[in-house]
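Chain and residue survey
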Amino acid sequence: MDVIYRKAKQVGVGKNPAEKQWLGKVYQSLQECLCVEDRTEEEFCSLVLSLVERIISVKVEDTNCMAVPVRYDVLCINTLLQSQQVSCFSNLRLSQNQYKKVVHEAPTGHKPLRRMYFLLLGKLTADPKSINLAVKDKCGDLYLEDNTGSVICQCIKPDVNWLDRLVLIPGWNYIVFDSDHRGMNHKSSAYLEITEACLPVGNLPRKVEPGPDIEVVSSTLGLHILQNRCDFQKKYVNIQGEITALSPVHRIRESVLFFMEITSKDSDTSVCVVAKGAEYSYWHNFLQLNAEYVFSDVMPTTLNKESINSFPVYAVCKKTRFSPLSGGNFENINLQRLQEKYPSRQSSIGSEHVMGNVSSSHGDQQPSTSCQGDVDSMSSEESVTSSTSKQIKQAKLCSFQGTITDVTIADAGIYQLDGKIRLYVGHQPCVSHGRGLRVGSKVKVYNAHFKSSKEEPTLRLCCCTLSSVVIVQFSPLATPYQPFIPQSSVYIHLLYFYHLNLAYYQWLVQMSEDMKKKFLPNLLSDTSLMGVQLRKNHRSDQRAFGVFYSLFRLPSPSKQTLLLPQSPRNIYQEFIDPQHSCWVVESQPVSRASLYAIPAMAELKQTLERLTKTRESWQLPQTRQTYTDKSLNEELYWRYQINEPSDFKPPLLLVGYLESNSKTGQLQLTDQTGSIDCVVSQMSTDSHECDQKCQYPSKNSHKPYVCPNIKLWCSGQMIRIDRYQIINESFTVSRFPSIQQVGNPSCIDKQHLRSYVQFSMSDTVCLHRRRFIDRESRKRKLDEGCPSVCTNKGPSGSNPNTDSVCVTDVVQLFVVSQKDSLHLTRSSKTQRSELTSNITVTFINPSKILQQDDKYESAYMSNATARNKTQVAISTKHHGNRNNSTQSCAATGNKSEGVAMSSHHHGDRHNSSGSCAITTTGNEHAAIAMATNTEKTVLRPSGDCTSDLPVKQVVLILAAETIKWYHLLNPCQTYVLVMPGSKDVKVFEPQLPSQALQRVVRATDCRTCLLVTNNMVVMPTACPQPHANIAAKVTNEIYILSDDEARLRDQVVSRLSSKEETNILNVHDVKMSRSTTDVRQISLKCRIVSRKHYNADSRFKSTSLLNSPDRDAELGVSTLNNKSICLLVGDISSQGTLSIYIDVNNLSYPLGLLPGAIVTFRNLNLCMSRKSNIYCQYVCNSSVVVDKCAASIPLQRNTSTQDTGIDTENQSTLPHKYLCEYAQTGITNTGLTNINQIYAHIVIVQNLSLRFSCAKCGDIFKQGVCMNTRGYCLSTNATYTAKASFIIEDGTFEAHVHCNNEQVTSLLDLSTLQCQRLRECVYKCGEVVYRHKGSEYNREYEHYGHVSPVERVLNHLCSSQLVCRPVVLCCRQFTLSQDMDNKNHEYPVRSWDNGDIQIQTKVLPRLSLFCTSLKSVNYREVYNNSMAENTS
C-alpha cells in the first residue's frame, strides 16, 4: 500500500488524509472487483494508478477543473445488484448545481432519479463468463462484467475499442424493473444505461486495425461487382461507404442477422451487406448511421437463391473486419484498376474505351455491364435508374428526433414523441427489449414512414425493417422501464401471423383496449387476457396463449375463415429493394367500417336503444293505407327489429361469458359492464339430433361446437359469436292521433324495450373457461367448520403445507323428463315475488357417496357452506300467500298423482323454501288420506315407459338462485345432482315423519318433490369408454359414469326419447282431433306465422304477483300493461294454422317468439271455442323451446330434387308404384322416404302461391321494398318462392300432392319466357294467391271482385285442360296422419244400399305426397312402348 501512496503523490493524489482514505478504498474495491491472482503486485499497482489518473482526468461541467472525487467510491457489480432496489444514477461530471437544475426542470408528475456517488469498473463484453449464454441467445447485447458478476447495459455511441477492455464508467443510470414480466429470458431485474463515454483503463493489447495497403472499392463499384461477379476472379471485396440504413437484429428461427445499406458519398448508389451469425450480432452496437466505414473481406453472394425473391448482397464472413474510414489509410481503386488486377473471365473490354470512361468521371462511380458492348450507355442507364430509385426511397421515408413523453402500450411497441407524434416500432424486431426507451429519453428515428390520421394524435411514424431508432440521450427521470418483448407480446405474435399493415395494427390495438374494458380486472387477469407463454424448446404444442390471441387465431365456424386476411410480407425486400415497396404502409387501403368492433354490453344496449328511437323504426306496413287512431296504436304496440352483424357499421363481434342469471333464469352474455339476454337455437338449415356425446366438451377446448343447443358445460365459458341476430322487441303504449304524428315523444305514454341475442352454439368459439372453484375453495371449508371435510396428512417427511383435503359428496344420477315454465311465486319470508319452476326427472339408482379424488371435482359448486341438519317436511295444503301455479309441481294439467314433497335446507336459506313444504304434525292423517284417495287416479307402472328399471320419478323445484339451472337442463339428457360436503346418502330422499307415510308412498309410486338448494350442484355426465381420455382431461367438470350406470342410462334415455317423439304433434294432427271436447294437453312443433297482442278477459287473466314495475325489469316477467300474446302457428311444410294464447302475466317472458321461427311447445292445453274452433292455451306447466331462429328460415320451405340426392336425369329408372300401395303399407310420418314413379291424372289444383319474400325477415317484398308490418327492415334482397298443391288419382287411390319452385313451373306447363313474365307480374304486387273454391265461385268472384289480370289468368289456367292432364310424377311420402299408423284404430265407416245389399267401407285419411319431378306423359305411347318391350 505504501507503494501506491508513494506513486500516487506523483500524480497529485494522497496529499491529505481524506485523499489517502479514498485511495485505500479504491485499492480495496479493485481487489474485490478484479482477479488479482493473474497479476503481479507491480502490475496491480500500475492498474490502480491508471484508474486514479482516469478518475481525476474527468472534469466537472461547471468548474471545468480536475479534482479528486473523494465522495465517489468504486462499486462492485454484485453489490449494486444485491443492495440497490430502486432506480438511481451517478455522474462524475455532473456538479451539484447542474443536478439542482435537473430537479427544477423535471416535468410535472415526474421526479429525477435518485443520485448516488459510485463509480463502476469492469470489462465491456458481448460474451460474459458469469452467464452461460447459448449461441441462440446471443443477440448483440453488451454486458459490464467484473469478478463478482455482470449486468446488461445500454450505451450511446460505443467505441469498438472499448470491447473486451477494462473501462471506467463515469456516468450511469441504474434502472430497476419487474423481473416477473412475461417473456423475460434472464433473471436480472435491472439494467445499466451508460450516459457518459467509457474510459479504458490499463494498456491491454488492442485489435489490429486495417493497414494502409488495403484496397477498397466504393459502393458504386461494389454494385458493379455484385451484378457481374461471374466475370471477376475475386472472392472477397473491401467495401467503403456510408451507412445510410441499419436494420435491427433479426432472429429467424435459429439464425441471427441484420442488414446494412452502404452508400457511396459521391453518388446515390448503394449495396446491401448482410451480417448473419450470432458472433457478428454485437457489431450492431458499434455501427453508427451516417458514418463512413470500411468492411474488409466481404463476399458477394445471392440472398434467397433460386427463388423469385433473390437479391445480390454482400455477406460477412470470418475474415471480415470493420473500421471507421478515418481509422486508417485506405487506397480507393476504380474500375480500370479492378479490371487490370482481376481480369474478366470473358473477353475483356478495350483499354482505350475503359480509360476514356474513367477519365470522364470518377472511377468509383462507374457502374458495370453484364455483357460486352457499350459501357457508356449501360453505365448511364444504370446510374439514372439507381438515382431514381434512391430518390423514390427518400421521398417515402423521413427522420425525426424527439423526446418520449409517454409509453402508450409497451407490449405493442407504441410510444409518443413530444406529445404530438405516435411512434410504432412493432413492425421491426427489438432484441434489446426496448431498454432505454423510457419517458424523458431523446431518440432519433431514421428512415420511418410518416402517416396522418383523423384520430389523436394525428401524426404517426411507423418503423419497418429499414428503420432505426437510436437513443440520443437517456432519461434523467425516475420513470419506470416497461419492457417491449416481442416473444411475449400478443400484439407482435398476431402482427407477424397476419402480417398486418399499420391500419390493421392500429385496429388490433383498439380491439385490445375494448377487451380490457370488458374483462379487466374483475373477470380476467392481464396475463389470462393478453398473455403469451412460450415454454421450453419453443415447441408449438407447448404454447399457452391468452384470450386475446385465441380471439384472432381461431377461425369462424360458419365461414371457416379468420377475422383478418393474411398477407405476405418479405422483410428482405423491404430493406434491399431500391423502390422500397413496403407492405407496412403501401398495401391496399383499409376502411374502418369493414373491420369488426367489440362492444361492451353496456354500449351495445345503448346502441340498441338508439335504434328503436329512430324514425325508420316506426315504419308502418304499406299494405294498409288507412288507420283509425285505435288501430294505429294497436299496430304500434309491439314492434321488433332483427339486426345481423352486417347491419352495423362497423360490424359487431360479440364476446362475453355465457352464464345463467340467478334472478331471471335467462341465459346471458356478460362482461363487467353489463349483460344481455340470449336465446340459443339452431340457425342453419341442417338438422341436428342431440345424443349423449353432446353432453360433454371436446378434448380441444378451442374446437368449434358441433351441437347447436346449449349444454350444461357451456355455462361459464367465454365465447366469440360470429353469426347472430340481435332482436329488439319494443312495447309502446301510445296515443298517436294520425300517421303523421307517429314517433312524436309527447304521444308516448309508456315504452319498454327487450333486447336479446339469438345464436347457435355451433357458430361460437370458446376462448376461455372461467373456473368457479378449485382445490383452495375446498380447503376453505375446513376453516369454515364443515364437519364433512377431513384433512389427510401426507407421508412422514413430506411438506406440511401439502396436506390433502378429502371431501365426501353425495351424488344422484337423473334424466330430465319434463320442464314447466318459469312462473312467479311469492316468498313467505320476504313477501317478494320470485321465479320458480318444476322439473320432472327420473332418478337412476340410489344416491351414493364419492370422494373428491374419485372421478370428479365440483367445478360449479357455489360458495355456500354445507350444513349437516336437513329439514324435511310433507304438506297436504299450501300455507301463506302461495300461488296456485306451484301446485302443479307434481300434478301437471288435469293429471292428478300422489305427491310427497320434501324440502332440504342447507345453510342459511332466505328464499321461498318455506312455502314449498311446511310440516305440521297435526296433518299426518290428512296426508295419508290424500295419498290413499289418489291411489286410483295415479299413473300406474303399466303406463310408465321405465317401469321395469330401477328408477324413480321426482319433481325438482327450482326457486330463487337455483333457477340458473333451468335453461341448462334439456329433456332426455342425463345429469348428476351433487350435494358437496355431505355423507348422508338419503339427502335426496323424502324424509317422511312416519312409517305409515313411507308405506303409502312406496305403494302408490307417487312422485316426490325435492327442493334444490343453493349449495346443490348439477353436473354433466360422460361415458367411461371410449371417451375416457377426454373425460380424464376435464374431470373437474364432468361426472364419469360407471359401466352399469351407462347401460342403465341408455335404456332410460331411449325409452323417454321414443315416447317424446310420438307425443310431439303438428298442426295437421291437432286439426284432425276436432272430435274431442275434453281439455287435454299436447306437445306441438310448428312455425310461427304471425303474432299479435290483446287485452285478456278478466275472467281468464291471472292476478299479477309483481310487487312493483321495477320488479318486472328485474325478473323479466310480463309485458307492458300486462297484455297477452296470440300466436298464429302453422306446420313447417304444409298448410293449416292454429292459434296459441299465452298469458305472460305471471310467467317469465318467452324470448324468440317471432314470425318465421320454428318452436316446440310442450304441455299446451287443447281447447275448443264456442264456434267449434280448436285453439291452444299456454299454461303454467307448459314450456316452449325455440328450435330455429326466425330470420334464418324462409317462411316458405324450398324443397327440390337436390334435397333428396336423386339425379333428375336418372329418375326414369325409379320403380313404379300405385297410390293404393302407399295407403296399404301405412308408412309412418318420418319425413323423407324412398322416391317412386307415379302415373296419374291431375284432378284439380287446390292452392297456388307465388311470392317474393324478404331475404332477411321473410315478409312480402313488393317492387324492391320490404313490406314488414312491425319490424324495421331495410333489406334490398328478395327470394322468389312458388308453392302449389293439387289432387291426383291413378284409378286405385287419390293423393294430395305438394310441389315447390321448379315443379310449379312444370305443373303450369309454362315456357321460360312465360315463366319470366309471370315472375315480373308477381314482383309488382308482391304475392299472388290462387285457391280453388269451385268454378261457379271463381267466375262470380271475377265478375264482382277486384281481380288483377295475373289472378284472372291463373284462375283460367289452373282449371283448364292444360294443367289437368295426365302426368308422371316422382314423389315421396310427405305427411300422413298418425291415425293411419294405428292398425287397431276404428276408421269412420260409410255405408249405402245397393238394392238388397248394404255396402260398408272404411274412410281412410288423405294421402299426402311431395313431388320432386313432374312432366306430361302420353299414355298411348307408354302403353305401346311397354307392349313392344314385352314382345321382344
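Anyway, here's the lowdown on the structure attached to this text. (Residues numbered from 1 in each chain as written. Predicted model: local features only at pLDDT ≥ 70, side-chain atom pairs only at ≥ 80, totals over all residues. Heavy atoms only, no water.)

All right, on to the nonpolar core then. Counting 79 residues, the largest nonpolar core has Y505, M515, F548, L551 and F552 as the members making the most contacts within it. Among the elements that take part in this core, helix 12 (residues 502–519) stands out by supplying nine residues, more than any other. Ignoring anything within four residues of it in the chain, the contact list for F552 reads L494, Y498, W507, L508, M511, L562, L563 and L564. L144, A190, M260 and F322 belong to the second-largest nonpolar core, a separate cluster that totals 57 residues. (Core = buried A, V, L, I, M, F, W, Y, C linked by side-chain atoms within 4.5 Å. Buried < 20%, exposed > 50% of the residue type's maximum accessible area, 1.4 Å probe, protein only. Helix = DSSP H or I, 4+ residues; strand = E, 2+ residues; numbered from the N terminus. Contact = heavy atoms within 4.5 Å.)

Moving on to the packing of aromatic side chains. Here the distance between the centres and the angle between the planes together describe a pair of aromatic rings. For the coordinates displayed, the defined rule picks out 30 aromatic pairs. Pairing F259 with Y572 gives two aromatic rings, centres 5.8 Å apart and planes at 80 degrees, and the pair type is edge-to-face. Taken together, the residues F259 in strand 14 (residues 255–263) and Y572 in helix 15 (residues 571–576) connect sequence positions 313 residues apart. Comparing F259 with Y572, the two get one shared label, buried. (Phe/Tyr/Trp six-rings, centres within 6.5 Å; stacked < 30°, edge-to-face > 60°.)

Let's shift gears to unusual backbone geometry. In this chain, L520 is followed by P521 through a cis amide linkage whose omega measures -5 degrees. Among the structural elements, P521 can be located in the loop between helix 12 and helix 13 (526–530). For the bond from K649 to P650, the omega torsion is 0 degrees, close enough to zero to count as cis. Summarising the element assignment, P650 is placed in the loop between strand 28 (638–643) and strand 29 (654–660).

With 18 residues, helix 12 ought to run about 26 Å at 1.5 Å a step, and its terminal C-alpha atoms sit 26 Å apart, in line with that. Counting buried residues in helix 12 gives 13 out of 18 residues, a clear majority hidden from the surface. (Expected span 1.5 Å × (residues − 1).)

The next thing to look at is the pairing of strand 9 (residues 190–194). For strand 9, the buried fraction is high: five of the five residues fall into the buried class. Burial along strand 9 is two-sided: A190, L192 and I194 and Y191 and E193, pointing in opposite directions, are all buried. Taken together, the three bridges between strand 6 (residues 150–155) and strand 9 define a ladder with parallel strand orientation. Within strand 9, the position partnered with C155 by the bridge is I194. When strand 8 (residues 171–176) meets strand 9, the two strands line up antiparallel, connected through five bridges. By the bridge assignment for strand 9, Y174 is matched with L192. (Pairing = 2+ DSSP bridges.)

With respect to the element layout, I957 can be found in strand 41 (residues 951–959). On a C-alpha basis, the gap between I957 and T1013 in space is 9.0 Å, while along the polypeptide they are 56 residues apart.

Taken across its six residues, strand 44 (residues 1017–1022) has six buried, putting it largely inside the fold. In this structure, strand 42 (residues 974–979) lies alongside strand 44, joined through four bridges in antiparallel fashion. By the bridge assignment, V976 is partnered in strand 44 with M1019. Note: strand 44 against strand 45 (residues 1039–1040), two bridges, orientation parallel. Pairing of T1021 across the sheet is with Y1039, part of strand 45.

Two elements in contact, helix 2 (residues 17–33) and helix 3 (residues 41–56), have axes separated by 11 Å at closest approach and are oriented at 120 degrees. With respect to helix 3, the axis of helix 2 lies oblique. Here the hand of the crossing between helix 2 and helix 3 comes out right-handed. Where helix 2 approaches helix 3, its residues W22, L23, V26, Y27, L30 and Q31 are matched on the opposing element by E41, F44, V48, L51, V52 and I55. Counted by class, the contact of helix 2 with helix 3 contains 10 nonpolar, one polar and one charged residues. (Axes fitted to C-alpha atoms, helices over the stretch in contact; angles between N-to-C directions. Parallel < 35°, antiparallel > 145°, perpendicular 65-115°, else oblique. Left-handed = near helix turned anticlockwise from the far one by under 90°. Nonpolar A, V, L, I, M, F, W, Y, C, P; charged D, E, K, R; others polar.)

Spatial strand order, 28-33-34-31-30-29-32-35: eight strands in an open sheet with mixed pairing. The open sheet has two edge strands with one neighbour each: strand 28 and strand 35 (764–769). When strand polarity is set aside, the average angle formed by the axes of neighbouring strands in this sheet is 35 degrees. As judged from the four bridges shared by strand 29 and strand 30 (residues 667–671), these two strands associate in the antiparallel manner. Residue pairing for strand 30: E659 is matched across the bridge by Q668. Each of strand 29, strand 30 and strand 32 (717–721) touches helix 12; the most contacted strand, strand 29, lies at about 20 degrees to it. Contacting strand 28, strand 29, strand 30, strand 31 (674–680), strand 33 (725–734) and strand 34 (748–759), helix 17 (residues 601–612) runs over the sheet at an angle of about 75 degrees to strand 31.

Okay, the state of the cysteines next. Per the stated rule, a full pass over the model turns up zero disulfides. In this structure C766 is not part of a disulfide, and its nearest cysteine sulfur, from C714, lies 8.5 Å away. The thiol sulfur of C1086 is not disulfide-bonded, and the nearest other cysteine sulfur, from C1176, lies at 8.5 Å. A relative accessible area of 0% means that C1086 is categorised as buried. (Disulfide = S-S within 2.5 Å.)

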